[in-house]
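Chain residues, written in single-letter form:
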Amino acid sequence: MTPATVTVPASVEYVRVASQFVVQTARHLGVPAASSPLFEVAIVEALANAVKHGSRGRPDAVVTCEVERAAPGLRIRIYDEGEGFQPEARAALAAEPSADDILALPESGYGVPIMHTVFQQIDGRREGGRFCLELTLAAELPLA
């Protein structure tokens, strides 16, 4: 199956456009977790990182999102033009984190812990001269 794909300018103004594409595509593919607000927050965080770190302010930079059913789940790939990073295996945030949980997060932010709350697997790699962040969700697992 060919993944559904969208490419947008690597600009904050387009994060919402790309996140809506991912969320709506996942819903169309019948992924129950895509109806959770936390799913959308995780996607927005991943896209914001791609825009902020992948474009480094270059006006010609783009971000590409691919969404595909990967039996029995969902695979989302977000490509940017940056050097990338290795998403550390951090503990996922609780559904309602305490103030201590939030204060214990590293200065690098909330994005990766939020992604780990939603997605069972997060991988980062260089692919075709771009950085690819791959998020994998087991569709049959509901979000807590």
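See the structure printed just above.
Okay, so let's go over this structure. Please read all numbers here as calculations on a predicted model, not as lab measurements.

## Quick notes on helix α1 (residues 15-28)
The first and last C-alpha atoms of α1 sit 20 Å apart over 14 residues, in line with the 20 Å expected at 1.5 Å per residue. Buried residues of α1: Val15, Ala18, Ser19, Val22, Val23, Thr25 and Ala26, and no others. Viewed along the axis of α1, the buried residues span an arc of 165 degrees, placing them on a single side of the element. Buried residues along α1 sit in contact with β1 (4-9), α2 (37-55), β2 (62-70) and β3 (73-80). Positioned one or two residues after α1, Gly30 has a phi angle of 80 degrees, which is positive.

## Let's talk about the sheet that holds strand β5 (residues 130-137)
A sheet is described by the order of its strands in space; here five strands give the open sequence β1-β2-β3-β5-β4, paired in antiparallel fashion. Strands with a single pairing partner mark the edges of an open sheet, and in this sheet they are β1 and β4 (121-127). Taken pair by pair, the neighbouring strands of this sheet meet at an average axis angle of 15 degrees, ignoring direction. Helix-sheet contacts for α1 involve β1, β2 and β3, and the interaxial angle to β2 is about 10 degrees.

## Brief notes about the packing of α1 against α2
Closest axis-to-axis distance for the α1/α2 pair is 9 Å, and the angle between their directions is 140 degrees. Between α1 and α2, the angle falls in the class oblique. At the point where α1 passes α2, the crossing takes the right-handed sense. Two secondary-structure elements touch here, α1 through Val15, Arg16, Ala18, Ser19, Gln20, Val22, Val23 and Ala26 and α2 through Phe39, Glu40, Ile43, Val44, Leu47, Ala48 and Val51.

Rules of the game
Residues numbered from 1 in each chain as written. Predicted model: local features only at pLDDT ≥ 70, side-chain atom pairs only at ≥ 80, totals over all residues. Heavy atoms only, no water. Helix = DSSP H or I, 4+ residues; strand = E, 2+ residues; numbered from the N terminus. Expected span 1.5 Å × (residues − 1). Buried < 20%, exposed > 50% of the residue type's maximum accessible area, 1.4 Å probe, protein only. Arc of directions from axis to C-beta. Contact = heavy atoms within 4.5 Å. Pairing = 2+ DSSP bridges. Axes fitted to C-alpha atoms, helices over the stretch in contact; angles between N-to-C directions. Parallel < 35°, antiparallel > 145°, perpendicular 65-115°, else oblique. Left-handed = near helix turned anticlockwise from the far one by under 90°.

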